[in-house]
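# Observations on chain architecture
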Amino acid sequence: MTRVRSATCIVLAIVLAAFGAPAAGSDEAGVSPDAILFGQAAALEGPSSALGQRMRQGIVAAFAEINAQGGVHGRKLQLISRDDGYDPDRSVAQTLRLIDEDKVFALIGAVGTPTAMATIPITSLRNIPFIGPFSGAEFLRDLELGNVVNIRASYGAEAEAWIKHLTEDRKFSRIGIFYQDDAFGRDGLLGVKRALAKRGLELAAEGTFERNTRAVASAWRMLKRAEPEAIVMVGTYGPCAEFIKLVHRSGLNPTFVNISFVGANALAKELGPEGEGVIVSQVVPFPWDASLKLVADYQAAQNAFDPTLTPDFVSLEGYISARLAAAALEKAGPNPTRAGLLRVINDVGRFEISGSSVTVGVRMIDTPPKVFLTMIQKDGSFKPIDRP
(Lines give C-alpha, C1' and ligand atoms only; values in the text may rest on other atoms or scores of the structure.)
Protein backbone atom coordinates (compact mmCIF):
# COMPACT_ATOMS: atom_id res chain seq x y z
CA MET A 1 0.00 0.00 0.00
CA THR A 2 2.90 2.38 0.67
CA ARG A 3 4.13 1.97 -2.90
CA VAL A 4 0.64 2.64 -4.26
CA ARG A 5 0.25 5.76 -2.13
CA SER A 6 3.68 7.05 -3.19
CA ALA A 7 2.77 6.61 -6.84
CA THR A 8 -0.56 8.24 -6.17
CA CYS A 9 1.09 11.28 -4.61
CA ILE A 10 3.38 11.69 -7.62
CA VAL A 11 0.49 11.51 -10.08
CA LEU A 12 -1.53 13.92 -7.93
CA ALA A 13 1.28 16.44 -8.05
CA ILE A 14 1.63 16.12 -11.81
CA VAL A 15 -2.10 16.48 -12.41
CA LEU A 16 -2.36 19.46 -10.06
CA ALA A 17 0.51 21.23 -11.74
CA ALA A 18 -0.78 20.52 -15.24
CA PHE A 19 -4.47 21.17 -14.78
CA GLY A 20 -4.90 22.98 -11.52
CA ALA A 21 -7.70 22.59 -9.00
CA PRO A 22 -11.30 23.33 -9.96
CA ALA A 23 -12.35 26.93 -9.48
CA ALA A 24 -14.13 27.60 -6.21
CA GLY A 25 -17.69 28.81 -6.33
CA SER A 26 -18.31 27.67 -9.91
CA ASP A 27 -21.54 25.95 -10.94
CA GLU A 28 -21.46 22.20 -10.34
CA ALA A 29 -20.07 20.44 -13.40
CA GLY A 30 -22.39 18.06 -15.17
CA VAL A 31 -25.58 19.36 -13.61
CA SER A 32 -28.06 21.33 -15.70
CA PRO A 33 -31.72 22.19 -15.02
CA ASP A 34 -32.87 19.04 -16.81
CA ALA A 35 -29.96 16.55 -16.72
CA ILE A 36 -27.06 15.07 -14.75
CA LEU A 37 -24.13 13.85 -16.83
CA PHE A 38 -22.04 10.80 -15.94
CA GLY A 39 -18.85 9.61 -17.65
CA GLN A 40 -17.38 6.17 -18.24
CA ALA A 41 -13.83 5.37 -19.36
CA ALA A 42 -13.67 1.67 -20.18
CA ALA A 43 -12.67 -0.91 -22.77
CA LEU A 44 -15.29 -0.54 -25.51
CA GLU A 45 -13.14 -1.89 -28.34
CA GLY A 46 -10.33 -4.43 -28.48
CA PRO A 47 -9.68 -7.75 -26.72
CA SER A 48 -11.51 -6.86 -23.49
CA SER A 49 -14.35 -4.87 -25.07
CA ALA A 50 -17.15 -7.15 -23.87
CA LEU A 51 -16.48 -5.99 -20.30
CA GLY A 52 -16.83 -2.27 -20.96
CA GLN A 53 -19.73 -2.74 -23.37
CA ARG A 54 -21.68 -4.87 -20.92
CA MET A 55 -21.06 -2.45 -18.05
CA ARG A 56 -22.29 0.36 -20.29
CA GLN A 57 -25.42 -1.58 -21.28
CA GLY A 58 -26.36 -2.14 -17.65
CA ILE A 59 -25.82 1.51 -16.72
CA VAL A 60 -27.75 2.87 -19.69
CA ALA A 61 -30.61 0.41 -19.11
CA ALA A 62 -30.90 1.62 -15.52
CA PHE A 63 -30.73 5.28 -16.55
CA ALA A 64 -33.43 4.72 -19.18
CA GLU A 65 -35.64 3.05 -16.56
CA ILE A 66 -35.13 5.92 -14.11
CA ASN A 67 -35.67 8.58 -16.79
CA ALA A 68 -38.93 6.94 -17.88
CA GLN A 69 -40.14 7.46 -14.31
CA GLY A 70 -39.26 11.17 -14.38
CA GLY A 71 -35.57 11.04 -13.58
CA VAL A 72 -34.15 12.23 -10.25
CA HIS A 73 -35.69 15.44 -8.92
CA GLY A 74 -36.82 16.19 -12.47
CA ARG A 75 -33.40 15.65 -14.06
CA LYS A 76 -32.63 12.90 -16.58
CA LEU A 77 -29.49 10.83 -16.09
CA GLN A 78 -27.14 10.68 -19.08
CA LEU A 79 -23.95 8.76 -19.82
CA ILE A 80 -20.94 9.53 -22.03
CA SER A 81 -18.69 6.50 -22.58
CA ARG A 82 -15.16 6.74 -23.94
CA ASP A 83 -12.94 3.84 -24.98
CA ASP A 84 -9.68 3.38 -23.09
CA GLY A 85 -8.82 -0.04 -24.55
CA TYR A 86 -8.04 -1.36 -21.04
CA ASP A 87 -4.80 0.65 -21.21
CA PRO A 88 -3.73 2.86 -18.26
CA ASP A 89 -2.30 5.72 -20.37
CA ARG A 90 -5.36 5.87 -22.59
CA SER A 91 -7.59 5.70 -19.52
CA VAL A 92 -5.89 8.77 -18.05
CA ALA A 93 -6.41 10.69 -21.32
CA GLN A 94 -10.06 9.66 -21.61
CA THR A 95 -10.77 10.37 -17.94
CA LEU A 96 -9.31 13.87 -18.25
CA ARG A 97 -11.35 14.38 -21.41
CA LEU A 98 -14.54 13.36 -19.60
CA ILE A 99 -13.77 15.73 -16.74
CA ASP A 100 -12.34 18.74 -18.57
CA GLU A 101 -14.12 18.64 -21.95
CA ASP A 102 -17.36 16.79 -21.31
CA LYS A 103 -17.74 18.30 -17.82
CA VAL A 104 -19.25 15.16 -16.27
CA PHE A 105 -20.66 15.24 -12.75
CA ALA A 106 -19.32 11.80 -11.79
CA LEU A 107 -17.56 8.78 -13.22
CA ILE A 108 -19.22 5.37 -13.23
CA GLY A 109 -18.51 1.86 -14.51
CA ALA A 110 -14.75 2.11 -15.04
CA VAL A 111 -13.21 -1.26 -15.97
CA GLY A 112 -9.99 -2.67 -14.57
CA THR A 113 -7.36 -2.42 -11.86
CA PRO A 114 -4.36 -1.02 -13.81
CA THR A 115 -6.59 1.65 -15.37
CA ALA A 116 -8.08 2.55 -11.98
CA MET A 117 -4.60 2.88 -10.45
CA ALA A 118 -3.78 5.45 -13.14
CA THR A 119 -7.02 7.44 -12.90
CA ILE A 120 -7.92 7.37 -9.20
CA PRO A 121 -5.36 10.11 -8.34
CA ILE A 122 -7.08 12.42 -10.84
CA THR A 123 -10.56 11.84 -9.45
CA SER A 124 -9.42 11.92 -5.82
CA LEU A 125 -7.69 15.27 -6.30
CA ARG A 126 -10.92 16.83 -7.54
CA ASN A 127 -13.22 14.81 -5.26
CA ILE A 128 -15.11 13.44 -8.26
CA PRO A 129 -17.32 10.45 -7.42
CA PHE A 130 -15.88 7.23 -8.86
CA ILE A 131 -18.87 4.91 -8.69
CA GLY A 132 -19.00 1.16 -9.21
CA PRO A 133 -15.57 0.39 -10.65
CA PHE A 134 -15.48 -3.07 -12.21
CA SER A 135 -12.54 -4.17 -10.07
CA GLY A 136 -12.08 -5.95 -6.78
CA ALA A 137 -8.60 -4.53 -6.16
CA GLU A 138 -7.67 -4.02 -2.52
CA PHE A 139 -6.32 -0.49 -3.03
CA LEU A 140 -9.78 0.70 -4.10
CA ARG A 141 -11.06 -0.32 -0.67
CA ASP A 142 -8.73 2.05 1.18
CA LEU A 143 -11.15 4.12 3.29
CA GLU A 144 -8.96 7.17 2.68
CA LEU A 145 -10.25 7.14 -0.92
CA GLY A 146 -13.48 8.87 0.04
CA ASN A 147 -14.57 9.42 -3.56
CA VAL A 148 -14.53 5.70 -4.52
CA VAL A 149 -17.86 3.90 -4.23
CA ASN A 150 -17.42 0.11 -4.37
CA ILE A 151 -20.37 -2.24 -4.64
CA ARG A 152 -18.58 -5.53 -5.34
CA ALA A 153 -16.57 -7.93 -3.20
CA SER A 154 -12.79 -7.76 -3.21
CA TYR A 155 -10.56 -10.11 -5.16
CA GLY A 156 -9.30 -11.35 -1.80
CA ALA A 157 -12.84 -12.46 -0.93
CA GLU A 158 -13.14 -14.22 -4.28
CA ALA A 159 -9.81 -15.98 -3.76
CA GLU A 160 -10.96 -17.19 -0.34
CA ALA A 161 -14.12 -18.65 -1.91
CA TRP A 162 -12.04 -20.46 -4.57
CA ILE A 163 -9.55 -21.98 -2.15
CA LYS A 164 -12.24 -22.95 0.34
CA HIS A 165 -14.08 -24.86 -2.39
CA LEU A 166 -10.98 -26.47 -3.89
CA THR A 167 -9.39 -27.57 -0.60
CA GLU A 168 -12.42 -28.34 1.55
CA ASP A 169 -15.02 -29.53 -0.96
CA ARG A 170 -12.74 -31.13 -3.56
CA LYS A 171 -9.81 -32.01 -1.28
CA PHE A 172 -7.20 -30.61 -3.70
CA SER A 173 -3.75 -29.60 -2.49
CA ARG A 174 -1.83 -28.99 -5.75
CA ILE A 175 -3.17 -25.65 -6.95
CA GLY A 176 -1.54 -23.46 -9.58
CA ILE A 177 -2.32 -19.94 -10.75
CA PHE A 178 -2.49 -18.33 -14.19
CA TYR A 179 -2.56 -14.55 -13.93
CA GLN A 180 -2.21 -11.29 -15.84
CA ASP A 181 1.22 -9.81 -15.14
CA ASP A 182 0.16 -6.43 -13.76
CA ALA A 183 -1.51 -4.89 -10.71
CA PHE A 184 -4.76 -6.79 -11.36
CA GLY A 185 -3.09 -10.18 -11.59
CA ARG A 186 -0.81 -9.57 -8.64
CA ASP A 187 -3.78 -8.54 -6.50
CA GLY A 188 -5.39 -11.87 -7.27
CA LEU A 189 -2.10 -13.68 -6.65
CA LEU A 190 -1.81 -12.14 -3.20
CA GLY A 191 -5.37 -13.15 -2.33
CA VAL A 192 -4.73 -16.75 -3.37
CA LYS A 193 -1.47 -16.96 -1.40
CA ARG A 194 -3.21 -15.64 1.70
CA ALA A 195 -6.09 -18.09 1.37
CA LEU A 196 -3.68 -21.01 0.91
CA ALA A 197 -1.48 -19.89 3.81
CA LYS A 198 -4.52 -19.98 6.12
CA ARG A 199 -4.68 -23.68 5.33
CA GLY A 200 -0.96 -24.36 5.59
CA LEU A 201 -0.55 -24.64 1.81
CA GLU A 202 1.51 -22.97 -0.92
CA LEU A 203 1.00 -22.54 -4.64
CA ALA A 204 2.20 -25.49 -6.70
CA ALA A 205 3.22 -23.25 -9.62
CA GLU A 206 2.67 -19.87 -11.28
CA GLY A 207 2.26 -18.81 -14.90
CA THR A 208 1.76 -15.29 -16.26
CA PHE A 209 0.71 -13.53 -19.45
CA GLU A 210 0.79 -9.94 -20.71
CA ARG A 211 -2.34 -7.77 -20.61
CA ASN A 212 -4.28 -7.45 -23.90
CA THR A 213 -2.55 -10.48 -25.42
CA ARG A 214 -3.27 -14.18 -25.81
CA ALA A 215 0.34 -15.24 -25.43
CA VAL A 216 -0.26 -18.02 -22.91
CA ALA A 217 2.03 -20.89 -24.02
CA SER A 218 4.90 -20.00 -21.68
CA ALA A 219 2.50 -19.86 -18.73
CA TRP A 220 1.37 -23.42 -19.42
CA ARG A 221 4.98 -24.60 -19.71
CA MET A 222 5.59 -23.25 -16.19
CA LEU A 223 2.43 -24.76 -14.74
CA LYS A 224 2.30 -28.21 -16.29
CA ARG A 225 5.51 -29.34 -14.55
CA ALA A 226 3.63 -29.23 -11.24
CA GLU A 227 0.74 -31.34 -12.58
CA PRO A 228 -1.81 -29.14 -10.75
CA GLU A 229 -5.17 -30.59 -9.76
CA ALA A 230 -6.67 -27.12 -10.15
CA ILE A 231 -5.66 -23.83 -11.78
CA VAL A 232 -7.11 -20.53 -10.58
CA MET A 233 -7.19 -17.82 -13.21
CA VAL A 234 -6.89 -14.03 -12.90
CA GLY A 235 -7.43 -12.53 -16.34
CA THR A 236 -9.97 -11.53 -18.98
CA TYR A 237 -12.03 -13.90 -21.11
CA GLY A 238 -9.77 -13.99 -24.20
CA PRO A 239 -6.47 -15.22 -22.74
CA CYS A 240 -8.24 -17.39 -20.15
CA ALA A 241 -10.18 -19.18 -22.89
CA GLU A 242 -7.00 -19.56 -24.95
CA PHE A 243 -5.21 -21.06 -21.95
CA ILE A 244 -7.97 -23.54 -21.13
CA LYS A 245 -8.08 -24.74 -24.75
CA LEU A 246 -4.30 -25.12 -24.78
CA VAL A 247 -4.36 -27.24 -21.63
CA HIS A 248 -7.13 -29.43 -23.04
CA ARG A 249 -5.09 -29.99 -26.21
CA SER A 250 -2.25 -31.30 -24.04
CA GLY A 251 -4.58 -34.07 -22.85
CA LEU A 252 -4.89 -32.78 -19.28
CA ASN A 253 -8.05 -31.49 -17.62
CA PRO A 254 -7.44 -29.84 -14.24
CA THR A 255 -10.27 -27.94 -12.59
CA PHE A 256 -10.31 -24.32 -13.78
CA VAL A 257 -11.55 -21.51 -11.52
CA ASN A 258 -11.94 -17.97 -12.89
CA ILE A 259 -12.30 -14.57 -11.26
CA SER A 260 -15.52 -12.58 -11.78
CA PHE A 261 -13.64 -9.94 -13.80
CA VAL A 262 -13.08 -12.54 -16.53
CA GLY A 263 -16.52 -11.77 -17.99
CA ALA A 264 -18.36 -15.03 -17.40
CA ASN A 265 -20.69 -14.98 -20.40
CA ALA A 266 -17.94 -13.89 -22.77
CA LEU A 267 -15.72 -16.69 -21.43
CA ALA A 268 -18.45 -19.29 -21.95
CA LYS A 269 -18.99 -18.05 -25.51
CA GLU A 270 -15.27 -18.21 -26.30
CA LEU A 271 -14.93 -21.72 -24.90
CA GLY A 272 -18.01 -23.28 -26.46
CA PRO A 273 -18.25 -27.00 -25.57
CA GLU A 274 -14.84 -26.83 -23.86
CA GLY A 275 -16.34 -24.63 -21.16
CA GLU A 276 -18.21 -27.43 -19.45
CA GLY A 277 -17.15 -27.69 -15.81
CA VAL A 278 -15.22 -24.40 -15.71
CA ILE A 279 -15.92 -22.49 -12.47
CA VAL A 280 -16.39 -18.70 -12.28
CA SER A 281 -16.87 -16.76 -9.04
CA GLN A 282 -19.58 -14.09 -9.05
CA VAL A 283 -20.17 -10.94 -7.00
CA VAL A 284 -23.70 -10.00 -8.11
CA PRO A 285 -26.94 -11.99 -7.90
CA PHE A 286 -27.70 -14.70 -10.47
CA PRO A 287 -28.95 -12.62 -13.45
CA TRP A 288 -31.48 -15.28 -14.51
CA ASP A 289 -33.16 -15.55 -11.10
CA ALA A 290 -36.22 -13.36 -11.71
CA SER A 291 -37.69 -14.43 -8.36
CA LEU A 292 -35.40 -11.72 -6.94
CA LYS A 293 -37.07 -8.37 -7.57
CA LEU A 294 -33.74 -6.66 -8.29
CA VAL A 295 -33.05 -9.17 -11.06
CA ALA A 296 -36.61 -8.96 -12.41
CA ASP A 297 -36.30 -5.16 -12.59
CA TYR A 298 -32.90 -5.48 -14.28
CA GLN A 299 -34.28 -7.88 -16.87
CA ALA A 300 -37.25 -5.61 -17.58
CA ALA A 301 -35.03 -2.52 -17.87
CA GLN A 302 -32.59 -4.26 -20.17
CA ASN A 303 -35.40 -5.63 -22.35
CA ALA A 304 -36.94 -2.16 -22.63
CA PHE A 305 -33.57 -0.69 -23.56
CA ASP A 306 -32.68 -3.41 -26.11
CA PRO A 307 -34.80 -6.58 -26.48
CA THR A 308 -31.91 -8.38 -28.19
CA LEU A 309 -29.75 -8.37 -25.03
CA THR A 310 -29.59 -11.40 -22.75
CA PRO A 311 -28.96 -11.43 -18.99
CA ASP A 312 -25.31 -11.19 -18.02
CA PHE A 313 -23.33 -10.86 -14.78
CA VAL A 314 -21.40 -7.80 -15.99
CA SER A 315 -24.39 -5.80 -17.21
CA LEU A 316 -26.21 -6.59 -13.96
CA GLU A 317 -23.26 -5.08 -12.09
CA GLY A 318 -23.51 -1.96 -14.25
CA TYR A 319 -27.24 -1.80 -13.58
CA ILE A 320 -26.75 -2.03 -9.80
CA SER A 321 -24.07 0.70 -9.89
CA ALA A 322 -26.42 3.02 -11.79
CA ARG A 323 -29.35 2.32 -9.48
CA LEU A 324 -27.13 3.05 -6.47
CA ALA A 325 -26.04 6.36 -7.99
CA ALA A 326 -29.68 7.31 -8.60
CA ALA A 327 -30.74 6.31 -5.08
CA ALA A 328 -27.96 8.43 -3.58
CA LEU A 329 -28.85 11.39 -5.81
CA GLU A 330 -32.45 11.12 -4.66
CA LYS A 331 -31.34 11.40 -1.04
CA ALA A 332 -28.91 14.23 -1.87
CA GLY A 333 -31.80 16.53 -2.77
CA PRO A 334 -32.73 18.81 -5.67
CA ASN A 335 -29.41 20.69 -5.77
CA PRO A 336 -26.78 17.96 -6.13
CA THR A 337 -23.07 18.54 -5.68
CA ARG A 338 -20.24 16.07 -5.94
CA ALA A 339 -19.33 16.56 -2.30
CA GLY A 340 -22.95 16.26 -1.25
CA LEU A 341 -23.43 13.03 -3.17
CA LEU A 342 -20.35 11.46 -1.63
CA ARG A 343 -21.39 12.61 1.83
CA VAL A 344 -24.79 10.96 1.42
CA ILE A 345 -23.30 7.73 0.11
CA ASN A 346 -20.77 7.45 2.93
CA ASP A 347 -23.19 8.57 5.67
CA VAL A 348 -26.05 6.30 4.63
CA GLY A 349 -23.84 3.33 3.72
CA ARG A 350 -26.73 0.98 2.95
CA PHE A 351 -29.24 1.41 0.13
CA GLU A 352 -32.33 -0.63 -0.63
CA ILE A 353 -32.54 -1.22 -4.36
CA SER A 354 -35.58 -3.16 -5.57
CA GLY A 355 -35.77 -4.96 -2.23
CA SER A 356 -32.07 -5.86 -2.10
CA SER A 357 -29.61 -4.23 0.27
CA VAL A 358 -26.40 -2.78 -1.20
CA THR A 359 -23.73 -1.71 1.29
CA VAL A 360 -20.87 0.69 0.57
CA GLY A 361 -18.00 2.38 2.43
CA VAL A 362 -17.30 1.42 6.04
CA ARG A 363 -20.48 -0.67 6.20
CA MET A 364 -18.81 -3.14 3.83
CA ILE A 365 -16.50 -4.14 6.70
CA ASP A 366 -19.38 -5.48 8.81
CA THR A 367 -21.55 -6.59 5.88
CA PRO A 368 -19.23 -7.60 3.05
CA PRO A 369 -20.71 -8.22 -0.41
CA LYS A 370 -21.42 -11.85 -1.19
CA VAL A 371 -19.33 -14.13 -3.38
CA PHE A 372 -20.70 -17.32 -4.87
CA LEU A 373 -19.41 -19.87 -7.34
CA THR A 374 -20.98 -20.87 -10.65
CA MET A 375 -20.17 -23.57 -13.17
CA ILE A 376 -20.45 -23.44 -16.96
CA GLN A 377 -22.75 -26.13 -18.34
CA LYS A 378 -22.43 -28.03 -21.59
CA ASP A 379 -24.77 -25.60 -23.39
CA GLY A 380 -22.86 -22.53 -22.15
CA SER A 381 -25.34 -21.66 -19.43
CA PHE A 382 -24.44 -21.29 -15.75
CA LYS A 383 -25.57 -22.96 -12.57
CA PRO A 384 -24.67 -21.99 -9.00
CA ILE A 385 -22.45 -24.48 -7.16
CA ASP A 386 -24.12 -25.79 -4.04
CA ARG A 387 -21.64 -26.52 -1.27
CA PRO A 388 -21.88 -29.93 0.43
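Residues numbered from 1 in each chain as written. Predicted model: local features only at pLDDT ≥ 70, side-chain atom pairs only at ≥ 80, totals over all residues. Heavy atoms only, no water.

### Quick look at the overall build of the protein
Regarding its fold elements, the protein presents 13 helices and 15 strands. Here the C-alpha atoms of the protein give a radius of gyration of 21 Å, agreeing with the 21 Å that 2.2 N^0.38 yields for 388 residues. Counting only C-alpha atoms and orienting by the principal axes, one finds that the protein spans roughly 65 × 50 × 40 Å. Per-residue burial over the protein gives 55% buried out of 388 residues. Put simply, 68% of the contacts in the protein that link residues at least 6 apart link residues at least 24 apart. For the protein, the exposed area adds up to about 15900 Å²; of that, 52% sits on carbon and sulfur atoms. For the protein, the separation between the mean place of its 41 positive charges and that of its 42 negative charges on side chains is 2 Å. (Helix = DSSP H or I, 4+ residues; strand = E, 2+ residues; numbered from the N terminus. Rg over C-alpha atoms; globule rule 2.2 N^0.38 Å. Buried < 20%, exposed > 50% of the residue type's maximum accessible area, 1.4 Å probe, protein only. Contact = heavy atoms within 4.5 Å. Areas by Shrake-Rupley, 256 points an atom, 1.4 Å probe, with all protein chains shown as cover. Lys, Arg positive; Asp, Glu negative; His and termini not counted. Charge placed at Lys NZ, Arg CZ, Asp CG, Glu CD.)

### Focus: helix α9 (residues 264-271)
Taking burial as the measure, the eight residues of α9 include six buried ones, the bulk of the element. Taken together, the buried positions of α9 are A264, N265, A266, L267, A268 and L271. One or two steps after α9, the chain reaches G272, where phi turns positive at roughly 60°.

### Examining helix α5 (residues 155-169)
Here α5 contains 15 residues, and its C-alpha end-to-end distance of 20 Å stays within 8% of the 21 Å for a straight helix at 1.5 Å per residue. Taken as a whole, α5 has its buried residues at Y155, E158, A159, A161, W162, I163, H165, L166 and T167. After α5 finishes, the residue K171 shows a positive phi value of roughly 60°. (Expected span 1.5 Å × (residues − 1).)

### Let's talk about the nonpolar core
The biggest cluster of nonpolar side chains holds 104 residues, and the ones touching the most others in it are F38, F178, F243 and L267. Looking at this core, the element that brings in the most residues is helix α11 (residues 313-332), giving 11 residues. Here F178 is in contact with G207, F209, V216, A219, L223, I231, V232, M233, V234, P239, C240 and F243, once residues within four sequence places are set aside. Counting 18 residues, the second largest nonpolar core, distinct from the first, contains L107, L140, L145 and V148. (Core = buried A, V, L, I, M, F, W, Y, C linked by side-chain atoms within 4.5 Å.)

### A short note on the pattern of salt bridges
This model, assessed by the stated rule, comprises 17 salt bridges. The residue D100 makes a salt bridge to R126 at a minimum N-O spacing of 2.7 Å. Of this pair, D100 sits in helix α3 (residues 88-100) while R126 is found in helix α4 (residues 113-126), placing the two residues 26 residues apart along the sequence. Classification of R126 as buried rests on a relative accessible area of 11%. Three or more residues are tied together by salt bridges with common partners; here these are E160, K164, E168, K198 and R199. (Salt bridge = Lys/Arg side-chain N within 4 Å of Asp/Glu carboxyl O.)

### Overview of the UniProt feature "domain: Leucine-binding protein" (unreviewed entry) in the protein
In the UniProt entry, the feature "domain: Leucine-binding protein" (unreviewed entry) is given for residues 39-352. End C-alpha to end C-alpha, residues 39-352 measures 24 Å, and it is 48% helix and 15% strand. (UniProt positions renumbered as here; feature names shortened; annotations may be inferred.)

### Overview of the pairing of strand β9 (residues 230-234)
Burial runs high along β9: five of the five residues are buried. Residues of β9 alternate between two faces, with A230, V232 and V234 on one and I231 and M233 on the opposite face, all of them buried. As defined by bridge partners, strand β7 (residues 175-180) adjoins β9 across five bridges and the pair is classed as parallel. Its bridge partner being in β9, G176 is matched across the sheet by I231. Here β9 pairs with strand β10 (residues 255-258) via four bridges, running parallel. Looking at β10, one finds that M233 is bridged to N258. (Pairing = 2+ DSSP bridges.)

### Some thoughts on the packing of aromatic side chains
Summed over the entire model, instances satisfying the criterion amount to 16 aromatic pairs. Summarising the aromatic geometry, the rings of W288 and F382 are spaced 6.1 Å apart at their centres and angled 15° between planes, so their arrangement reads as stacked. Taken together, the residues W288 in the loop between β11 (279-282) and α10 (293-305) and F382 in strand β15 (residues 382-384) connect sequence positions 94 residues apart. On the basis of relative accessible area, W288 is assigned to the partly exposed category, the value being 34%. (Phe/Tyr/Trp six-rings, centres within 6.5 Å; stacked < 30°, edge-to-face > 60°.)

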